[in-house]
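# Summary of the model geometry
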Amino acid sequence: MQIERELTKSPKRSYHLGNSQKLAPYVFVLPFLLSFAVFFAYPLINAGVMSFQEVLPGDVSFVGLDNYKGLWNEDFGAALYNSSRYTIWTLLLLIPVPMVLAVLLNSKKMPWSNFFRSTLFIPALTSVVVAGVVFRLIFGELDGALMNSVLHLFGISSQRWLYSSSLGMFALLVLAGWRWIGINILYFLSALQSIPGELYEAAEIDGAGAFRKLIKITVPLLKPITIYVVTITIYGGYAMFTESYMLWAGKPSPQNIGLTIVGYIYQQGFQYFNLGFGSAIGITLLGITLLVSLLQLTLTGMFRKED
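What this report covers is the structure whose coordinates are included nearby. (Residues numbered from 1 in each chain as written. Predicted model: local features only at pLDDT ≥ 70, side-chain atom pairs only at ≥ 80, totals over all residues. Heavy atoms only, no water.)

### Things to note about the overall build of the protein chain
- Helix and strand content of the protein chain: 15 helices and two strands.
- Taken over the C-alpha trace, the protein chain has a radius of gyration of 27 Å; the compact-globule value for 307 residues is 19 Å, which it surpasses by more than 25%.
- The principal-axis extent of the C-alpha atoms belonging to the protein chain is close to 105 × 75 × 40 Å.
- Expressed as a percentage of the 307 residues in the protein chain, the buried residues total 34%.
- Taking contacts inside the protein chain between residues at least 6 apart in sequence as the whole, the part at least 24 apart equals 65%.
- Only carbon and sulfur atoms are counted for the fraction: they give 68% of the accessible area of the protein chain, which is about 19800 Å².
- Each charge sign in the protein chain was given a centre, from 20 positive and 16 negative side chains, and these centres are 8 Å apart. (Helix = DSSP H or I, 4+ residues; strand = E, 2+ residues; numbered from the N terminus. Rg over C-alpha atoms; globule rule 2.2 N^0.38 Å. Buried < 20%, exposed > 50% of the residue type's maximum accessible area, 1.4 Å probe, protein only. Contact = heavy atoms within 4.5 Å. Areas by Shrake-Rupley, 256 points an atom, 1.4 Å probe, with all protein chains shown as cover. Lys, Arg positive; Asp, Glu negative; His and termini not counted. Charge placed at Lys NZ, Arg CZ, Asp CG, Glu CD.)

Encoded structure:
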């Protein structure tokens, strides 16, 4: 009888922190929240406070809006102009070109498509520092530099690529295209896989050609991934620093033709040790990026409810 009573007793439930359904979601998101707080929120708040200070070794004092007033200078204007121009050109390069290449690689008629997919992605695995050094040699001013050798084939004299605003921007765009086109192709390829093939078959029955199917079916259905690629391209354009730094070997570019906003932050904050002014530049860059991104998302209808 004693044994039967023991067996009929309901087993005691053992509660453990990990078994709590209410606490489990918070436990899962805790690593992200901690990393966000330590590596983003705290530095952002600290930079915001520092932007109103003059930070000197052993001496910190509040200067109000003086750092922001100091942004009205030629160097910041050149940096903002270069970063904005670079961003616009990368949008024109890194959106349509990868989209078209992704459509070609997604076609069943494309030979060696897997080979081209892997080949175009290889630059993304290369260190941007190494790539910058190589491209600095490619766009060298000597007659034996690769780009000048190509020009000689067409009877054009050697160019000083990194001493001209337009030619220097061209070098930056070639480096950006070489590095990021493969990644954007993968984004568009993943989106193309989700488009039903029946849509193309129905369009063919109606007599639509390849170009009409691209305009009427592919491009509209790629809108979500296109907006995402545009957003990260805008961020990448304004955040560009290493490419410019390596092309000009870490030295000031002639007439600031290669100076970017992030490069200006590095110059003021770490070369001139003007941390307060550098923080003001960083907060201003954050505001510009957020404003441009919100404007782009508003114009593309991401904040409108679908019918």
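### Overview of the environment of Thr119
- Position of Thr119 among the secondary structure elements: in helix α6 (residues 113–121).
- The class of Thr119 is partly exposed, set by a relative accessible area of 35%.
- Considered as a pair, Thr119 and Gly182 are 63 residues apart in the sequence and their alpha carbons are 8.2 Å apart.

### Some words on the nonpolar core
- Ranked by size, the top nonpolar core spans 32 residues in total, and within it Phe188, Leu222, Tyr264 and Ile281 carry the most contacts.
- Mapped by element, the contributors of at least two residues to this core are α4 (74–94), α5 (96–106), α9 (165–192), α12 (223–238), α14 (261–271) and α15 (275–299).
- Broken down by element, this core gets its largest block of residues, six residues, from α9.
- Beyond its immediate chain neighbours, meaning those up to four positions away, Phe188 contacts Ile95, Pro98, Met99, Ala102, Leu222, Ile225, Thr226 and Val229.
- Residues Ala131, Ile138, Leu175 and Ala176 belong to the second largest nonpolar core, which totals 19 residues. (Core = buried A, V, L, I, M, F, W, Y, C linked by side-chain atoms within 4.5 Å.)

### Looking at the packing of aromatic side chains
- Under the counting rule described, the total for this entry stands at 17 aromatic pairs.
- Residues Tyr245 and Tyr266 carry aromatic rings whose centres are separated by 5.6 Å and whose planes lie at 80° to one another, so their mutual orientation is edge-to-face. In this pair, Tyr245 is assigned in helix α13 (residues 242–247) and Tyr266 in helix α14, connecting sequence segments 21 residues apart.
- A residue is classified by how much of its surface remains accessible, and Tyr245, at 29% relative accessible area, is partly exposed.
- A residue is classified by how much of its surface remains accessible, and Tyr266, at 27% relative accessible area, is partly exposed.
- Between Tyr264 and Phe277, the ring centres sit 6.0 Å apart and the planes meet at 90°, which makes this aromatic pair edge-to-face. With Tyr264 in helix α14 and Phe277 in helix α15, the pair connects residues that are 13 residues apart, well separated along the chain.
- Using a relative accessible area of 8% as the deciding quantity, one classes Phe277 as buried.
- A network of ring pairs unites the aromatic residues Phe135, Phe139, Trp161, Phe170 and Trp178 as a single cluster. (Phe/Tyr/Trp six-rings, centres within 6.5 Å; stacked < 30°, edge-to-face > 60°.)

### Some words on the pairing of strand β2 (residues 59–62)
- Pairing analysis gives four bridges linking strand β1 (residues 53–56) to β2, with the strands arranged antiparallel. Looking across to β2, one finds that Glu54 is bridged to Ser61.
- Hairpin connection of β1 to β2: two residues between the antiparallel strands, including Gly58 at a positive phi of 80°. (Pairing = 2+ DSSP bridges.)

### A short note on unusual backbone geometry
- Despite not being glycine, Gln255 has its phi angle at roughly 55°, a positive value.
- Residue placement: Gln255 occurs in the loop between α13 and α14.
- Its relative accessible area of 79% is what places Gln255 among the exposed residues.
- In this model, Phe273 sits at a positive phi of 55°, which is unusual for a non-glycine residue.

### Thoughts on the packing of helix α10 (residues 197–205) against helix α11 (residues 210–221)
- Where α10 meets α11, the closest approach of the two axes is 11 Å, and the angle between their N-to-C directions is 160°. Between α10 and α11, the angle is such that the two are roughly antiparallel. As α10 packs across α11, the resulting crossing turns out to be right-handed. Across from Leu199, Tyr200, Ala203 and Glu204 in α10, the residues of α11 making contact are Lys213, Ile217, Thr218 and Leu221.
- Class assignment for the residues of the contact of α10 with α11 results in five nonpolar, one polar and two charged. (Axes fitted to C-alpha atoms, helices over the stretch in contact; angles between N-to-C directions. Parallel < 35°, antiparallel > 145°, perpendicular 65-115°, else oblique. Left-handed = near helix turned anticlockwise from the far one by under 90°. Nonpolar A, V, L, I, M, F, W, Y, C, P; charged D, E, K, R; others polar.)

### Let's talk about the side chain of Ser51
- As for its position among the elements, Ser51 is in the loop between α2 (24–50) and β1.
- What makes Ser51 buried here is its relative accessible area of 0%.
- Leaving out residues up to four positions away in the same chain, Ser51 has contacts with Gly64, Asn67, Tyr68, Gly276, Ser279, Ala280 and Ile283.

### A word on α5
- Residues of α5 that are buried: Pro98, Met99, Ala102 and Leu105. Take α5 and look down its axis: the buried residues cluster within an arc of 130°, on one side only.
- Summarising the contacts, the buried residues of α5 are in contact with α4, α6, α9, α11 and α12. (Arc of directions from axis to C-beta.)

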